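Single-letter residue listing:
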Number of protein chains: 2
Amino acid sequence: MAEKTPALILFAHGAREAEWALPFESIRRRIMTRRPGLAVELAFLEIMQPTLAEAAGKLVADGHAAITIVPVFMGQGGHLKRDLPRLVDDLRARHPGTALTLTPPIGEADAVLEAIGEWVVNAVSC
Amino acid sequence: MAEKTPALILFAHGAREAEWALPFESIRRRIMTRRPGLAVELAFLEIMQPTLAEAAGKLVADGHAAITIVPVFMGQGGHLKRDLPRLVDDLRARHPGTALTLTPPIGEADAVLEAIGEWVVNAVSC
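Residues numbered from 1 in each chain as written. Chains lettered and ligands numbered in written order. Predicted model: local features only at pLDDT ≥ 70, side-chain atom pairs only at ≥ 80, totals over all residues. Heavy atoms only, no water.

1. A few points about the nonpolar core
Then step 1. L10(A) and L10(B) are the most contacted members of the largest nonpolar core, which totals 52 residues.
Then step 2. Residue assignment for this core shows that the elements contributing at least two residues are β1 (7–12), α1 (22–34), β2 (39–44) and α4 (110–125) of chain A together with β1 (7–12), α1 (22–34), β2 (39–44) and α4 (110–125) of chain B.
Then step 3. Contacts of L10(A), omitting those with residues within four sequence positions, involve F24(A), I27(A), R28(A), I31(A), V40(A), E41(A), L42(A), A43(A), V70(A), V72(A) and V120(B). (Core = buried A, V, L, I, M, F, W, Y, C linked by side-chain atoms within 4.5 Å. Buried < 20%, exposed > 50% of the residue type's maximum accessible area, 1.4 Å probe, protein only. Helix = DSSP H or I, 4+ residues; strand = E, 2+ residues; numbered from the N terminus. Contact = heavy atoms within 4.5 Å.)

2. Details of the packing of aromatic side chains
Then step 1. Overall, the coordinates contain 6 aromatic pairs over all chains when judged by the stated rule.
Then step 2. Ring pairs connect the aromatic residues W20(A), F24(A) and F44(A), which therefore count as one cluster. (Phe/Tyr/Trp six-rings, centres within 6.5 Å; stacked < 30°, edge-to-face > 60°.)

3. Section: unusual backbone geometry
All names here are of chain A.
Then step 1. The omega torsion of the bond from Q49 to P50 falls at 0°, within 30 degrees of zero and hence cis.
Then step 2. Within the fold, P50 resides in the loop between β2 and α2 (52–61).
Then step 3. Positive phi is not limited to glycine here, since I47 has a value of about 70°.
Then step 4. Here I47 lies in the loop between β2 and α2.
Then step 5. Judged by its relative accessible area of 47%, I47 falls in the partly exposed class.

4. Some remarks on the interface of chain B and chain A
Then step 1. With 45 residues of chain B at the interface, the matching set in chain A holds 45 residues.
Then step 2. Between chain B and chain A the total buried area reaches about 4,000 Å² when both faces are included, carbon and sulfur atoms providing 69% of it.
Then step 3. Our count for the chain B to chain A interface comes out at 12 salt bridges.
Then step 4. Here E118(A) and R34(B) are joined by a salt bridge, their closest N and O atoms 4.0 Å apart.
Then step 5. For the pair chain B and chain A, the interface holds 12 residue pairs in polar contact (both at pLDDT 80 or more).
Then step 6. Of all elements in the fold, only β1, α1, β3 (66–71), α3 (78–94) and α4 of chain B reach the threshold of two or more residues within the side of chain B that touches chain A.
Then step 7. For the side of chain B that touches chain A, the leading source of residues is α4(B), giving 15 residues.
Then step 8. The residue inventory of the side of chain B that touches chain A, partitioned by class, reads 25 nonpolar, 10 polar and 10 charged. (Buried area = accessible area lost by both parts, 1.4 Å probe. Salt bridge = Lys/Arg side-chain N within 4 Å of Asp/Glu carboxyl O. Polar contact = N/O pair within 3.5 Å; in protein donor to acceptor, adjacent residues only side chain to side chain. Nonpolar A, V, L, I, M, F, W, Y, C, P; charged D, E, K, R; others polar.)

5. Looking at the sheet that holds β3(B)
Residue and element names in this part refer to chain B.
Then step 1. Pairing is parallel in the open sheet, where 4 strands are placed in the order β2-β1-β3-β4. Among the strands making up the open sheet, the edge pair consists of β2 and β4 (99–102). Between one strand and the next, the sheet's axes are offset by a mean angle of 25°, whatever the strand orientation.
Then step 2. Those strands touched by helix α2 (residues 52–61) are β1, β2 and β3, and its axis lies near 160° from that of β2.
Then step 3. Across the sheet, α3 is in contact with β1, β3 and β4; its angle to β4 comes to roughly 170°. (Pairing = 2+ DSSP bridges. Axes fitted to C-alpha atoms, helices over the stretch in contact; angles between N-to-C directions.)

6. A word on the pairing of strand β3 (residues 66–71) of chain A
All names here are of chain A.
Then step 1. Across the 6 residues that make up β3, a large majority, 5, are buried.
Then step 2. Sheet analysis places β1 next to β3, joined by 5 bridges and oriented parallel. Of the residues in β3, the one forming a bridge with I9 is I69.
Then step 3. Here β3 pairs with strand β4 (residues 99–102) via 4 bridges, running parallel. Residue I69 lies in a different strand from β4, and its bridge partner there is L102.
Then step 4. Viewed along the sheet, the connection from β3 through helix α3 (residues 78–94) into β4 turns out right-handed. (Right-handed = clockwise from strand over helix to strand, strands pointing away.)

7. As for the pattern of salt bridges
Oppositely charged side chains may form a pair once their charged atoms are brought near each other.
Then step 1. Enumeration over the complete set of coordinates arrives at 18 salt bridges over all chains.
Then step 2. Across the pair E17(B) and R82(A) runs a salt bridge, and its minimum N-O distance is 3.1 Å. Within this pair, whereas E17(B) is found in the loop between β1 and α1, its partner R82(A) is found in helix α3, the two belonging to separate chains.
Then step 3. Ionic pairing is found between R30(B) and D110(A), a salt bridge with its closest N-O pair at 2.8 Å. Taken together, the residues span two chains, with R30(B) in helix α1 and D110(A) in helix α4.
Then step 4. Overall, R30(B) belongs to the buried group, its relative accessible area being 17%.
Then step 5. The exposure class of D110(A) is exposed, given its relative accessible area of 53%.

Encoded structure:
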């Protein structure tokens, strides 16, 4: 079997409002435009589906042997410091043949913070 | 009295972990570098101080007659759809002489979503 491309999970908080997911769906589309063929799934900590376990299970079932998890969170709070490591430990135990990589949250990416700062400056100038 | 420059409040969720505020402090510094002299305050919905009312009160007391509030939230959930409008209504009632402007959340800014997508693609390539 040909080796599958790496896969990606965008991990976000979740909310009761369906429109809450729109920015994450937009980021997913932008990534797939930049990297056609990359498998990109959304996953949510609470309220929304799929969960991280469901999204990872689907990618593993599809044959992806390497999955990168990107926390689409701004800050390092309890969700990232306690909940997410536990979820990733569970995934590693359940899928020992899958290489799981966890990136820093988007709020630790200089390029993202710089883009936010630039957008805010433009917003306040109007 | 010379008219004061506009002022800006970066409004974020808040968390128990002090380091949670680091990305917002970083964004604040980046904005002040781009716009020296612009008054920029952080404010938090819960747990952390100052509250939005406290931050706005300080800026009004400092003589700023126009304040832009930027929700540093990704998605439109209950906090932005219900909590923030109520807080802004309270501010408008308390400070009728102050022009309060509310921007869309950062998660609705194309430039921000594009920067996140680009950063994620680079992160998964490594």
